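Summary of structural features
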Amino acid sequence: MIAADPDNSKLIYEPMKYSGSLDHLSYVEVTPIIGREYTNAKIKDILHAPNASEQLRDLAVIISERGVVFFRADQSDLGVDELKKFTDEVGRLSGRPKENGLHVHPLYRDPGNIPMGNGETDENIYVINSEAAKALYKTMPGRTTNQPKDLSREWHSDATFEECPSDFSCLLMEETPANGGDTLWCSGYEIYDRISPQMRTFLDGLTATCAQPVFKSACTAGNYEVMSPRGSPLNVGDKFAPSHPVVRTNRQTGWKSIFAGVGLHVTRINGLYDYEEKMIRDYIMRLITFNHDCIARMHWTKGAAAIWNNSCVWHAATPDTHLVPGAVRTGIRASSIGEKPYLDPASGSRREALGIPI
């Protein structure tokens, strides 16, 4: 899976192969392009199976090929430490840098960081809650406006503001209303495949700045220190403005995906004039909105879980639970930290690898 190059200066990631250890689990593909739902599987059973390492490694392959995996059965018996171990092991067994672990949210020390349902807090767990988000990110420009919401801003990959972003994120939904609050995932693999070869070549050479100044401004306003390090020795300090490739290679599959071309944390495409880089980002967003067959949607139920690969999908929550009287939507998320994003010029697209015509 991982080998050293001849001068040992860097790691070379070789595509992972599925071994068949999860064949006993029933599932449905969410769409032909993206997503898989395990209808009855329990994460706890996978985590504690005699061949747990084999199953978790195979699950990493499936997540990386399908982009996102849903566990529909009630996972409420999964403890916080088990959720952390599950996410951590999927990242570790799929070849992330050995020194990396689970992400630590930069604003963990913020008083607005609400506890989990058990009343405790954990630096490796981010509590998904709309009211908490308002408190944490009150210093973010544009949070209060009388204008209609631009929901395209919701699309993002987790921790893109870090030098080493998240590879896998797992969200366990603790409470959710009967309707509203769905999450969508979009395949960066397929968006790349919808682009002409000439345009792909151009995008392959671009990088983007992924700045998120809200973390520093929140710490300054709250008079506390940002958490550091955050899952990797490279994720330190309060700059939060790395440069990432617009197109990256997924280390598990070897397939190219649009990565830092769009999203909440992408602030500009480097090396282009203002109107050029805006045109590129608008173009990629247009591809997402014009190709809804690239999207998988999760209607949450209590205790359901999802785990996804941030290097090949974006996700977006649907902020509509305020329309449901008395709605409560709360979940807990753990995120593994992967490698510094890279583009292998020798890698190809998903459709090329699978022999699927455009």
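Residues numbered from 1 in each chain as written. Predicted model: local features only at pLDDT ≥ 70, side-chain atom pairs only at ≥ 80, totals over all residues. Heavy atoms only, no water.

The condition that has to hold: UniProt positions are given in the numbering used here, feature names are shortened, and annotations may be inferred rather than shown by experiment.
By the naming in an unreviewed UniProt entry, the protein chain is Taurine catabolism dioxygenase, taken from Hyaloscypha variabilis. Taken directly from UniProt, the Sequence similarities (unreviewed entry) text for the protein chain runs: "Belongs to the TfdA dioxygenase family." Looking at the Cofactor (unreviewed entry) heading of the UniProt record, one finds this comment for the protein chain: "Fe(2+)".

1. Describing unusual backbone geometry
The bulk of non-glycine residues show a negative phi, and the bulk of peptide bonds are trans. Condition: To qualify as a helix, a DSSP run of H or I must reach at least 4 residues; to qualify as a strand, a run of E must reach at least 2; elements of each kind are numbered from the N terminus.
Across the junction of Ser 228 and Pro 229, the peptide omega takes the value 0 degrees, indicating a cis bond. Within the fold, Pro 229 resides in the loop between helix H7 (214–222) and strand S10 (243–245). For Asn 223, which is not a glycine, the phi torsion comes out positive at approximately 60 degrees. With respect to the helices, strands and loops of the structure, Asn 223 is situated in the loop between H7 and S10.

2. Concerning the sheet that holds strand S9 (residues 207–209)
Applied cut-off: Strand pairing requires that DSSP identify at least two bridges connecting the strands.
In spatial order, the strands read S10-S9-S13; together these three strands make up an open sheet with antiparallel pairing. Both edges of this open sheet fall to S10 and strand S13 (268–269), since each of them pairs with a single strand only. The sheet contact formed by S9 and S10 spans three bridges and is antiparallel. Bridged to Thr 207 within S10 is Pro 245.

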